[in-house]
Amino acid sequence: MKKLMLFLLLATTGMFAKAQADVTLNFTISGQPVCGYEITIKHGDVAIGAATTDPRGNASFEGVALLSKSIDIHGVRKTKNGEKSFDAKGYVTLDENNHADIHFEDFIKEAAEDSGMPESLFIDAWGLTDPSCE
């Protein structure tokens, strides 16, 4: 029985090791980089990686256990007006290189249309009124 359990443990560990990959994301709004966000990538409610966007809007996640190319993202940015955050569930699909470009204007437009609220409300709530990296 102990040998069977050891075999199952090793087999399971090997399966997950093969599913690990490096993921890169690039965040922009109106062509400008969005930096300084703490980004968490998830499968559903399970966090699978975390990184901070750099001055070019890039975030790199090493050794992520990907179950599929579809990921959810959560971002938090501390601003002078407090903490701003966003969630994008069901919108991001990685390409064959495990990369995705996140264009906030696309998310904002859809969120505004779905809710009937002005786009400016989402821009402010997500901390995108000052996307500068200074």
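For the structure given in this document, a descriptive report is provided here. Please read all numbers here as calculations on a predicted model, not as lab measurements.

1. Topic: the overall build of the chain
Scanning the chain from N- to C-terminus turns up three helices and eight strands. From first element to last, N terminus to C terminus, the chain shows the α and β order α-β-β-β-β-β-β-β-β-α-α. Among the 134 residues that make up the chain, the fraction classed as buried is 34%. Partitioning the contacts of the chain with sequence separation of at least 6, the portion at a separation of at least 24 is 56%. Accessible surface for the chain amounts to roughly 8,300 Å². Of this, 55% is attributable to carbon and sulfur atoms.

2. Some details on the nonpolar core
Counting residues in each nonpolar core, the largest one holds 30 residues, and the members touching the most others are Leu-25, Phe-27, Ile-41, Phe-61, Ile-73, Phe-104 and Trp-126. Looking at this core, the elements with two or more residues in it are β1 (20-29), β3 (38-43), β5 (58-65), β6 (70-79), β7 (82-93), β8 (99-103) and α2 (104-115). Excluding residues that lie within four positions of it along the chain, Ile-73 makes contacts with Leu-25, Phe-27, Thr-40, Ile-41, Phe-86, Asp-87, Ala-88, Val-92 and Ile-102.

3. A few points about the packing of aromatic side chains
Inspection of every chain in the model, using the stated rule, returns ten aromatic pairs. Taking the centre distance of 6.5 Å and the plane angle of 35° together, the rings of Tyr-37 and Phe-104 count as tilted. Pair noted here: Tyr-37 is in the loop between β2 (32-33) and β3 and Phe-104 is in helix α2, with a separation of 67 residues, a long-range link. Aromatic pair Tyr-91 and Phe-107: ring centres 5.4 Å apart, planes at 75°, arrangement edge-to-face.

4. A word on the side chain of Thr-28
By the element assignment, Thr-28 lies in strand β1. At a separation of 3.1 Å, a polar atom in the side chain of Thr-28 contacts the side chain of His-103. Apart from residues lying up to four places away in sequence, Thr-28 is in contact with Pro-33, Val-34, Ile-102, His-103, Phe-104 and Glu-105.

5. Considering the sheet that holds β6
Pairing in this open sheet of four strands is antiparallel, and the strands run β4-β3-β6-β7 from one edge to the other. On the outer flanks of this sheet lie β4 (46-52) and β7, each paired with one strand and no other. Taking each pair of neighbouring strands and ignoring which way they run, the sheet shows an average axis angle of 20°. Where β6 meets β7, nine bridges bridge the pair, whose relative direction is antiparallel.

What counts and how
Residues numbered from 1 in each chain as written. Predicted model: local features only at pLDDT ≥ 70, side-chain atom pairs only at ≥ 80, totals over all residues. Heavy atoms only, no water. Helix = DSSP H or I, 4+ residues; strand = E, 2+ residues; numbered from the N terminus. Buried < 20%, exposed > 50% of the residue type's maximum accessible area, 1.4 Å probe, protein only. Contact = heavy atoms within 4.5 Å. Areas by Shrake-Rupley, 256 points an atom, 1.4 Å probe, with all protein chains shown as cover. Core = buried A, V, L, I, M, F, W, Y, C linked by side-chain atoms within 4.5 Å. Phe/Tyr/Trp six-rings, centres within 6.5 Å; stacked < 30°, edge-to-face > 60°. Polar contact = N/O pair within 3.5 Å; in protein donor to acceptor, adjacent residues only side chain to side chain. Pairing = 2+ DSSP bridges. Axes fitted to C-alpha atoms, helices over the stretch in contact; angles between N-to-C directions.

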